[in-house]
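Survey of secondary and tertiary structure
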Amino acid sequence: MTDRRDALLPLTSLRFVAALLVFSWHCVPTRRISVTFSFGYLGVAFFFLLSGFILTYSYHEHFRGRLRAGAVRAFYAARIARIYPLHLATMPIAIACVIAFGTSPLWNGAGGSTRLQAIAAQAALVQSWIPVGPIYFGANGPAWSISVEAFFYAAFPLLAYGLLRAFRGAPPHRVLLCAAALWLVQLAVLWPQQAAVDDWRWYVFPPSRSIDFVVGMMVGIAFVHSDERTRWPLRATSLEILALAALCLLVYVSPFVPLSVRFSAWVMPAWAALIFVFARQGGALSRVLSHPVAVRLGEISFAFYLCHLAVVMAAERAGWERPFMLPLAFGATLALSFALYHGVERPMRRRLRDLLLRNPVPKPALAAFPLGSEA
């Protein structure tokens, strides 16, 4: 097994593409095509898969032996510092926009008690556990997915320990076959299910989305078990094009499959292949995605994801029929994202992690948890 500690720059850049897919879901001018081809579902599914992959890639060395209290504490501190400052900064912005512009049917149709519950649940990141639309999609709607991520983070040390022990020494193809088997079970369970748009049972409920995360972890294990010197039957650029083509094909035919599998399962193999191939960083497309501009967009993607709905609500109030409203909304979201990344996310991440780890943690426990790792 080789040790790859270099940053996976193409995957960082792809995070912005996924955030852009979700942005298209909420914008009226692009909503029709986005809903037709499930762009919103596509973006969220990528985030969950990538989270499992990156966490496993970044922290496998520390959790493959045994669980140590210092390591677990360092992991949780890093995760809290990763998501909470930006979450708490964007939440009041979204609430202010919901109140000011009145463009959220869920919020407008909810009573005062439900609104307070939604705010409290979102502040605690437990809204995805409550099967009430105005609660799990209330306040800052996109934050439901980081409520699901919080569940993944809570389970990750035990999951990583178990999976890394189970696949200790296993060749990559065996791990990937097991991931494929898990995906097939999910597909078989979901295919006959009747689902509505944004169905809480299959789309929002954290245990229902855990397959995304676990498959991402297994792809991550296969990746760290692979050898960079292994010769593939095709050139790296060809593999990247094929992985991208497979994703496009599945997205193109997605309107013809049940909605229950369009939330994630339908595109999961293509996303997994894309992540694995681009993590190798060997082809021309990877080099394009490693450009500093693309990487910087990927770095602000979390801020973009959490603040975009507030800007979209403002644009909706102003009127989408106005000329250039879509590019204006996109530009405003980018500007706000840069401000939040540099003013809140980046500085507060380090400060909060240092605050949570005021009592010394052994240096080996911190070494496997680089501040810059992204989920």
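The structure reproduced in this document is the subject of the present report. (Residues numbered from 1 in each chain as written. Predicted model: local features only at pLDDT ≥ 70, side-chain atom pairs only at ≥ 80, totals over all residues. Heavy atoms only, no water.)

Another aspect to go through is the pattern of salt bridges. Evaluation of the coordinates by the stated rule reveals 5 salt bridges. Where Glu345 meets Arg349, a salt bridge forms, and the shortest distance between an N and an O atom there is 3.1 Å. In this pair, Glu345 and Arg349 are both assigned in helix H18 (residues 325-356), 4 residues apart and thus about one turn of the helix distant. Like Arg349, Glu345 is buried. (Salt bridge = Lys/Arg side-chain N within 4 Å of Asp/Glu carboxyl O. Helix = DSSP H or I, 4+ residues; strand = E, 2+ residues; numbered from the N terminus. Buried < 20%, exposed > 50% of the residue type's maximum accessible area, 1.4 Å probe, protein only.)

Our focus in this paragraph is helix H16 (residues 292-299). Where H16 is concerned, the buried positions are Ala294, Val295 and Gly298. Projected down its long axis, H16 carries its buried residues within an arc of 100°, all on one side. Of the exposed residues in H16, the ones pointing more than 90 degrees away from its buried face are Pro292 and Val293. Tucked inside the fold, the buried residues of H16 contact helix H1 (9-26), helix H15 (284-289) and helix H17 (301-318). (Arc of directions from axis to C-beta. Contact = heavy atoms within 4.5 Å.)

It is characteristic of soluble globular proteins that their nonpolar side chains tend to be buried jointly. With 105 residues, the main nonpolar core has Leu11, Phe53, Phe63, Trp144, Phe156 and Trp271 as its most contacted residues. Take this core: its biggest share by element is 16 residues, from helix H3 (residues 39-63). In contact with Trp271, not counting residues within four places along its chain, are Leu42, Ala45, Phe46, Leu49 and Leu247. Judged by nonpolar contacts, the second largest core, of 11 residues, contains Met91, Ala118, Ala310 and Met313. (Core = buried A, V, L, I, M, F, W, Y, C linked by side-chain atoms within 4.5 Å.)

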